[in-house]
Amino acid sequence: MKVIQVFYDGKCGLCSKEINYYKRIAPKNIFEWHDVASNPKKLKDIKISQYDALLFLHVSDQNSNLKIGVDAFTVIWSQLRYWKILSILIKTPIVYSIAKITYKLFANYRFKKLTHCQMANQKVI
C-alpha cells in the first residue's frame, strides 16, 4: 500500500508545530512528510508549484489523489487515533462549508504575512 504524502510549510511556526505533533502520534509507515519551504523538489511529482504548496496544505492520499486544504487535513486526521472522529465530523455539509471558508481566509492571511511565502510568490509572477 502506498504511503500518504504530506506537503507542508516547514518555515511556518504554526504549521511546523502542528505537523510535528501529527508526526509524533502517527502510526509508522503511513505518512511521508515533505517540507516544501526547505525542499520543494518532491512537488514536481505532483505537478504543484511551491507557491501553491506554501499557500495551502497538500496531501497525496494512498490512491495518489491530491487533496488540498481542509480535504488534506481530513486525510491526515482519518489515519490518527482520536482524530478520526474529527475527519468524519468535518465532512458534514454545514461544518465542511464553514471549515473551507475559514481555512482559506486563514491560509491567505498567513501567506501574506510570511516573508518566505512572498518570495515564492515573486518567483511565480
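Now for a description of the structure that goes with this document. (Residues numbered from 1 in each chain as written. Predicted model: local features only at pLDDT ≥ 70, side-chain atom pairs only at ≥ 80, totals over all residues. Heavy atoms only, no water.)

A few words now on the overall build of the protein chain. Within the protein chain, the secondary structure is distributed over 7 helices and 4 strands. Going from the N terminus to the C terminus, the protein chain shows its helices and strands as β-α-β-α-α-β-β-α-α-α-α. For 125 residues, the compact-globule estimate of 2.2 N^0.38 gives 14 Å, and the protein chain sits close to it at 14 Å. Its C-alpha atoms give the protein chain principal-axis dimensions of about 40 × 35 × 25 Å. Expressed as a percentage of the 125 residues in the protein chain, the buried residues total 40%. Sequence separation of 24 or more characterises 61% of the internal contacts of the protein chain that already satisfy a separation of 6 or more. A total of about 7900 Å² of accessible surface is found on the protein chain, and carbon and sulfur atoms cover 58% of it. The centroid of the 20 positive side-chain charges in the protein chain is displaced by 3 Å from the centroid of its 8 negative side-chain charges. (Helix = DSSP H or I, 4+ residues; strand = E, 2+ residues; numbered from the N terminus. Rg over C-alpha atoms; globule rule 2.2 N^0.38 Å. Buried < 20%, exposed > 50% of the residue type's maximum accessible area, 1.4 Å probe, protein only. Contact = heavy atoms within 4.5 Å. Areas by Shrake-Rupley, 256 points an atom, 1.4 Å probe, with all protein chains shown as cover. Lys, Arg positive; Asp, Glu negative; His and termini not counted. Charge placed at Lys NZ, Arg CZ, Asp CG, Glu CD.)

On to the sheet that holds strand E3 (residues 58–60), then. With respect to topology, 4 strands assemble into an open sheet ordered E2-E1-E3-E4, the strand pairing being mixed. Sheet topology places strand E2 (31–35) and strand E4 (66–68) at the edges, where each strand pairs with a single neighbour. Strand-to-strand twist of the sheet, defined as the mean angle between neighbouring strand axes without regard to direction, takes the value 20 degrees. Relative to E4, E3 runs antiparallel, the two sharing 3 bridges. Bridge pairing links His58 to Ile68 in E4. (Pairing = 2+ DSSP bridges. Axes fitted to C-alpha atoms, helices over the stretch in contact; angles between N-to-C directions.)

Moving on, we get to the packing of helix H4 (residues 70–77) against helix H6 (residues 93–113). In the contact formed by H4 and H6, the axes pass within 9 Å of each other and the chain directions differ by 115 degrees. As far as their axial angle goes, H6 and H4 are roughly perpendicular. Judged by residue contacts, Val70, Asp71 and Phe73 of H4 engage Tyr96, Ala99, Lys100 and Tyr103 from H6. Considering only residue class, the contact of H4 with H6 consists of 5 nonpolar, no polar and 2 charged. (Parallel < 35°, antiparallel > 145°, perpendicular 65-115°, else oblique. Nonpolar A, V, L, I, M, F, W, Y, C, P; charged D, E, K, R; others polar.)

Take the pattern of salt bridges next. Any two side chains of opposite charge can pair if their charged atoms end up close together. Enumeration over the complete set of coordinates arrives at 3 salt bridges. Note that Asp9 and Arg110 form a salt bridge whose closest N and O atoms lie 2.8 Å from each other. You can see Asp9 sitting in the loop between strand E1 (4–8) and helix H1 (13–25) and its partner Arg110 sitting in helix H6, a full 101 residues away along the chain. Arg110 gets classed as buried once you look at its relative accessible area, which sits at 8%. The closest approach of N and O atoms between Lys100 and Asp71, which form a salt bridge, is 3.9 Å. Taken together, the residues Lys100 in helix H6 and Asp71 in helix H4 connect sequence positions 29 residues apart. Classification of Lys100 by relative accessible area gives partly exposed; the value is 40%. Overall, the relative accessible area of 22% leaves Asp71 in the partly exposed class. (Salt bridge = Lys/Arg side-chain N within 4 Å of Asp/Glu carboxyl O.)

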